[in-house]
Amino acid sequence: MRVLLVEDDPMIGEAVKRGLGLEGFAVDWVQDGRQAELAIANGVYELVLLDLGLPRKDGLALLKELRRRGIAVPVLVATARDALSDRIEGLNAGADDYLVKPFHLEELVARVRALLRRNQGRANPEIECGALRLNPVTHQALLRGTPIELSAKEFALLHALVEKPGAVLSREQLEEKLYGWGDEVGSNAVEVHIHNLRRKLGADAIRNIRGVGYRVETVE
Ligand code: CA
C-alpha cells in the first residue's frame, strides 16, 4: 500500500512516515502543495494524507483542484485547523475523512485502513482467499486456520495480490506498492519475497504469468 504524506511540519512528518512504515505502508513524503500535485499526478498512491496549511499551494486548493480534474484518490485531511467551518469546507472540497491535530498515530492508522477498505467496497477488514485469511489490522495471516509468520513486506505483497482475486500484478506494480522513494530496493526484491511466500503457502499459491506478472489463485 503506497501512501503520499503531504506535511510541512518536519516533526509530524517524520513521526507519521515512521509510524505508517512500521505498519507496512510504503510512504512518500512531500512538504509543499506543489510537490504534492506533481507526485499525485504519477497515480501510484492508494491514499493521500493531506495537511491543509502548506507552502506554495494550500491543501484545500490542491484538494479542490484534484477533484475538479476527476482524480478520485482517497484523501484523509489532517490539520490543526479545528474550526468546524474548516472541516466542513474540507469535506465539501472532496476529502474522505479528516483528523484534527494533534492526533494519535493509532487513530491515524485505523482511519487510513478504514478509508482504504471503504474505497475497496469492503466493510470487513479480513480478506479471504480460499484457505487463506489475512487481517490487515492485526497483520495476522492464517492458512487453514493456522497462523503463518510473514515479514511486513511479505504481508504487504500478499495483501496486494489477494485484494483483487485473479488480478495479475507486474513486478513493477508490486514494487510501487511496497517501496517508497529512497527505500533500498534490490533488483530481485520482489522475487525473493515471492519465493519466501511460496515456501510458506505452498509452491502453487502464487502463479507466475510469464512476461506479465504474478497472480494468486484460490489457496487450497
Ligand atoms: Ca502545515
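First, a word on what this report is: a plain description of the structure on this page. (Residues numbered from 1 in each chain as written. Predicted model: local features only at pLDDT ≥ 70, side-chain atom pairs only at ≥ 80, totals over all residues. Heavy atoms only, no water.)

Across the junction of K101 and P102, the peptide omega takes the value -5°, indicating a cis bond. Within the secondary structure, P102 sits in the loop between β5 (97-100) and α5 (105-119). We note that R56 has phi near 70°; this positive angle belongs to a residue other than glycine. Looking at the element boundaries, R56 is found in the loop between β3 (47-50) and α3 (59-68). We classify R56 as exposed; its relative accessible area is 65%. (Helix = DSSP H or I, 4+ residues; strand = E, 2+ residues; numbered from the N terminus. Buried < 20%, exposed > 50% of the residue type's maximum accessible area, 1.4 Å probe, protein only.)

Glancing now at the pattern of salt bridges. Counted by the stated rule, this structure contains 19 salt bridges. Notably, a salt bridge pairs E23 with R113, separated by 2.8 Å at the nearest N-O pair. Of the two residues, E23 is situated in the loop between α1 (10-22) and β2 (26-30) and R113 in helix α5; the sequence distance between them amounts to 90 residues. Among the charged side chains, a network of salt bridges with common partners joins E7, D51 and K101. (Salt bridge = Lys/Arg side-chain N within 4 Å of Asp/Glu carboxyl O.)

This next bit is on the coordination of the calcium ion. Protein coordination at the calcium ion: the donors are D8 (OD), D51 (OD) and G53 (O), at 2.2 to 2.4 Å from the metal. Of note, the calcium ion draws all its donor residues from one chain, in the sequence arrangement D-x42-D-x1-G. Overall, the relative accessible area of 4% leaves D51 in the buried class. (Donors = N, O, S within 2.8 Å, 3.2 Å for Na, K, Ca; no water.)

Space inside the largest pocket adds up to approximately 210 Å³. If you go around the largest pocket, the residues you meet are Y45, E46, P74, L116, N119, Q120, R122, E163, K164 and K177. A per-class count over the lining of the largest pocket returns three nonpolar, two polar and five charged. (1 Å grid on protein atoms, 1.4 Å probe; cavity = no way out; pocket = protein on both sides within 12 Å on 5 of 7 lines; lining within 4 Å. Points joined across faces, edges and corners; volume = space filled by probe spheres on them. Nonpolar A, V, L, I, M, F, W, Y, C, P; charged D, E, K, R; others polar.)

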